[in-house]
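Below, each chain spelled out in residue letters.
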Amino acid sequence: MTWLDSLADKAVGGELPTRDEALAVLASGDDELMDVVAAAFRVRRQFFGRRVKLNYLVNIKSGLCPEDCFYCSQRVGSAADVLKYTWLKTDEVIASAEAGVAGGARRVCLVASGRGPTDKHIDRVAGTVAAFKERNPDVEVCACLGLLSDGQAERLAAAGTTAYNHNLNTSGAHYADICTTHEYADRVSTVESAKSAGLSPCSGLIAGMGETDEDLVDVAFALRAMRPDSVPVNFLIPFDGTPLEGRWELTPQRCLRILAMVRFVNPDAEVRLAGGREIHLRTLQPLALHVVNSVFLGDYLTSEGQPGAADLAMIADAGFTVEGAEDAPGELAAALARPDLVQVRRRGAGTALPANTVLPALASARSGPLPPPSSLVRSCSVSPARLRAP
């Protein structure tokens, strides 16, 4: 029995790994990567089978945040070219959320920029939640509105809100390096307030912000101590115009190790593959499904994700099923059939056209630099005029 077998056995039995074991997962070599994924998959399968829960983000108020979180494209002073608009109307929120539901989402996440909501804002969101739930009683609603004041979580719960998200993001020791306008303890307090009000706690992290392995293990154990039902794992999207622009320190292999470590520390939590997965995991995204049991469908708050149809195809091709659609795998397979991918070769040998070998950018690497990684980051391109509330 290997050390990874022992680690998986402990997690399946509900026993926490030691800090040294969690650090060992992050320090494991590439030759062990598939063993790490396989061990994490044993834990994932024990608690969630082969189901993948789809979640859908709706940015109901974008940009112009007074907080200075260094990673955020909506922060105060951000020069990132992202959409900026005030609160969306209820019917606009419902229309966007129901687009996600039509794509298979079991939870919609309503997110607003800002330090925290006023009581008037809570009334607005509560009314929107109630209206959405009346039309979609079986769909979960998660709110993410910033730091909460006394009584606000209870009012959201009374309106039918299922969960509240507020990420810890990083370790307490590293927090001052990524934000100065509020403290780590403020985030912990908001998660605890939401939990006390009966809302399902949702809290996770962002990797790739200059943290150490010890910081990642610290935040994973801090999350475990709070026992959130959902743990979203984000990978930094280093928007130009933010303090962390140009920071590309993650590899696909590193991302998989981080996900596995979080799974071992939080074996029975809904570990969600969140922002940045497309640009950091890239072609290894399907492997991550063996570790996580939840993903965001489609776009994020201020950046575009891969097409929703590609998400569904990835899940099906990797041998997993979308939660809520387990009884209709044939219908999904038929919908994902791609006869358009069958193309007669018209290039390379026997033709006057160049062969299909490498990307033009790679072919010209000897004569010039490659395009910056930031070219992979795409801001959401929906017209702000269509979304802006009065």
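This one's a predicted model, so the numbers in the text were calculated from it and none came from an experiment. (Residues numbered from 1 in each chain as written. Predicted model: local features only at pLDDT ≥ 70, side-chain atom pairs only at ≥ 80, totals over all residues. Heavy atoms only, no water.)

Draft legend 1. Quick look at the packing of aromatic side chains. Evaluation of the coordinates by the stated rule reveals two aromatic pairs. Note on F41 and F320: the rings are 6.3 Å apart at their centroids and 85° apart in plane angle, and the pair reads as edge-to-face. A residue pair is termed long-range when its members are at least 10 positions apart, and F41 in helix α3 (residues 33-48) and F320 in the loop between α12 (308-317) and β10 (321-322) qualify at 279 residues. No difference in accessibility class separates F41 from F320, as the two residues are buried. For R50, the ring lying beneath its charged end belongs to F320, and the centroid distance is 4.5 Å. The ring of F296 has R272 lying over it, and the distance from NZ or CZ to the ring centre is 5.3 Å. (Phe/Tyr/Trp six-rings, centres within 6.5 Å; stacked < 30°, edge-to-face > 60°. Helix = DSSP H or I, 4+ residues; strand = E, 2+ residues; numbered from the N terminus. Buried < 20%, exposed > 50% of the residue type's maximum accessible area, 1.4 Å probe, protein only. Lys NZ or Arg CZ within 6 Å of the ring centre and 35° of its normal.)

Draft legend 2. Summary view of the nonpolar core. Counting residues in each nonpolar core, the largest one holds 69 residues, and the members touching the most others are F235, L259, M261, F264, L281 and L289. A per-element tally of this core places helix α9 (residues 252-265) first, with nine residues. Leaving out residues up to four positions away in the same chain, M261 has contacts with A22, V25, L26, L216, V217 and A220. If you look at the next biggest cluster of nonpolar residues, it comprises 30 residues, including V58, Y85, A112 and V129. (Core = buried A, V, L, I, M, F, W, Y, C linked by side-chain atoms within 4.5 Å. Contact = heavy atoms within 4.5 Å.)

Draft legend 3. The arrangement of helix α8 (residues 213-226) in detail. Between its first and last C-alpha, α8 extends 20 Å over 14 residues, near the 20 Å set by a 1.5 Å rise per residue. Within α8, burial applies to D215, L216, V217, V219, A220, F221, L223, R224 and M226. As for α8, its buried residues are in contact with α2 (19-27), α7 (184-196), β6 (205-207), β7 (230-235) and α9. Taken from the residues just after α8, R227 is the one with a positive phi, measuring 50°. (Expected span 1.5 Å × (residues − 1).)

Draft legend 4. Representation of the pairing of β7 in the model. β7 sits mainly inside the fold: six of its six residues count as buried. The alternating pattern of β7 places S230, P232 and N234 on one face and V231, V233 and F235 on the opposite face, and all of these are buried. With three bridges joining them, β6 and β7 adopt parallel strand pairing. Residue pairing in the sheet places A207 in a bridge with F235 of β7. (Pairing = 2+ DSSP bridges.)

Draft legend 5. How the structure looks around the side chain of Q152. One can find Q152 in helix α6 (residues 152-158). The buried category is assigned to Q152, whose relative accessible area is 1%. Residues within four places of Q152 in sequence aside, it is in contact with P117, T118, D119, I122 and L147.

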